[in-house]
Amino acid sequence: MAGIEECNVVENPRLVVRKFQARPQHEGDGAVVRRSIGRLEMKYFDPFLLLDEFSISAPAGFPDHPHRGFETVTYMLQGAVTHEDFAGHKGTIKAGDLQWMTAGRGIVHSEMPASDGTQRGLQLWVNLSSKHKMIEPKYQELQGKDVTKASKDGVEVRIIAGEALGIRSPVYTRTPTMYLDFTLKPKAHLQQPIPSAWNSFVYILEGEGVFGNLKSSPTMAHHILLLGPGDGLEAWNNSSKVLRFVVIGGKPLGEPMVQFGPFVMNTQEEIDQTIDDYQYCVNGFEKAKQWRSTAAIGLDF
Ligand code: FJE
Ligand code: FE
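Values in this document were obtained by computation on a predicted structure and should not be read as measured data. (Residues numbered from 1 in each chain as written. Chains lettered and ligands numbered in written order. Predicted model: local features only at pLDDT ≥ 70, side-chain atom pairs only at ≥ 80, totals over all residues. Heavy atoms only, no water.)

Engineer: What is the right way to look at the site of ligand 1 in this model?
Structural biologist: Looking at ligand 1, the residues that line it are Glu27, Gly28, Asp52, Phe54, Phe62, His65, His67, Glu111, Gln123, Trp125 and Pro262. Side-chain polar atom of Glu27 to a nitrogen atom of ligand 1: 2.4 Å apart, as the coordinates give it. Between ligand 1 and Asp52 there is a distance of 2.7 Å, counted from a nitrogen atom to a side-chain nitrogen or oxygen. In isolation ligand 1 exposes 460 Å². Once the protein is present, 87% of that is buried. Elements with a contribution of two residues or more to the shell around ligand 1: β4 (48–56), β5 (62–67) and β11 (119–127). In terms of residue count, the dominant contributor to the shell around ligand 1 is β5 (three residues). The class makeup of the residues in the shell around ligand 1 is four nonpolar, four polar and three charged. (Near = heavy atom within 4 Å. Polar contact = N/O pair within 3.5 Å; in protein donor to acceptor, adjacent residues only side chain to side chain. Areas by Shrake-Rupley, 256 points an atom, 1.4 Å probe, with all protein chains shown as cover. Helix = DSSP H or I, 4+ residues; strand = E, 2+ residues; numbered from the N terminus. Nonpolar A, V, L, I, M, F, W, Y, C, P; charged D, E, K, R; others polar.)

In structure tokens:
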């Protein structure tokens, strides 16, 4: 008995075209990351450069390092991370909190554990188009209590960016991006529209779920699923435990991309220029001259 509320919001569900397990690897200074996008087999999923599910316990972390040409999105799952940049901007990102940092022409900062125990989170790198790579840096920060939330029929969603269940996040995405954190109770089913021209993927945080096609086999935590063409995602929790995953999508830039660690530009010449700018503390890196984070002072590295 299909009621009028039974309308399908997704007509052409996207199917899973690639599936990877993100195994733990070492990064930064003693940190452990499960990298899905950004590893050799999947260097770039336009506009996404990297997705790390990171785990750090003091004294491990990500001490003073630069960024140019893209955005970093840090979303905490457990514990807290203290960040501090060369312009004096600092703070603590706690579980549930979000930091959307547009590095633009240049940021130098540290990202270190803020408390005892294990700090867990996701860090996503979103590329910027050539006309935005050299903009002034900008932060958008939201506490967990202020992250937009919605729920319906056993589906709960935290809307980091974009829209779900008719509700929009206030976060501005210079590269059009959606970022949704879903929790599905047992038996729950989800239909989530995703603009057809966008690249999109699912990363599973907890439990196991069926994605794309009800007949496909379930996928477990720490796997990434790249989605093929279509106008949205269908997902089912056919297990007896909660299922938590993020859905991330973005409009491809369609530009050449050259990456050298934390510098992402369009050409090798621009990368060479960036290495010079950073070395000589010019063109956005002025404040890097003699700056060290308080986290680094006394460590003497
Ligand atoms: C890094 C350049 C970097 N994954 N997950 C080179 F920018 C980084 C880096 C991070 C990072 C930071 C956080 Cl808080 C979470 C991350 C990479 O800072 F590790 C290398 N090797
Ligand atoms: Fe960083």
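Engineer: So what exactly am I meant to see when it comes to the coordination of the iron ion (ligand 2) here?
Structural biologist: In ideal tetrahedral geometry, four donors around a metal make angles of 109.5 degrees, whereas ideal octahedral geometry with six donors gives angles of 90 or 180 degrees. The iron ion (ligand 2) binds to the protein through His65 (NE2), His67 (NE2), His109 (NE2) and Glu111 (OE), with metal-donor distances spanning 2.1 to 2.3 Å. Here the iron ion (ligand 2) binds four donor atoms, and the angle range of 83 to 177° at the metal identifies the geometry as irregular. All donors of the iron ion (ligand 2) come from a single chain, and their spacing in sequence reads H-x1-H-x41-H-x1-E. Remark: Glu111 occurs in strand β10 (residues 107–113) and His65 occurs in strand β5; sequence separation between them is 46 residues. For the residue pair His65 and Glu111, the accessibility class agrees, reading buried in each case. (Donors = N, O, S within 2.8 Å, 3.2 Å for Na, K, Ca; no water. Tetrahedral: all angles 85-135°; square planar, octahedral: opposite > 155°, others 65-115°. Buried < 20%, exposed > 50% of the residue type's maximum accessible area, 1.4 Å probe, protein only.)

Engineer: Help me understand the packing of aromatic side chains, please; the structure alone is not making it clear to me.
Structural biologist: In this description, a pair of aromatic rings is defined by centroid distance and the angle of the planes. Within the structure shown, the criterion is met by ten aromatic pairs. On the numbers, 5.5 Å between centres and 85° between planes, the contact of Phe48 with Phe201 is edge-to-face. Of this pair, Phe48 sits in strand β4 while Phe201 sits in strand β19 (residues 199–206), placing them 153 residues apart in sequence. Pair check on accessibility: Phe48 and Phe201 agree, each one buried. Centre to centre, the rings of Phe54 and Phe62 are 6.3 Å apart; their planes meet at 90°, and the pair counts as edge-to-face. (Phe/Tyr/Trp six-rings, centres within 6.5 Å; stacked < 30°, edge-to-face > 60°.)

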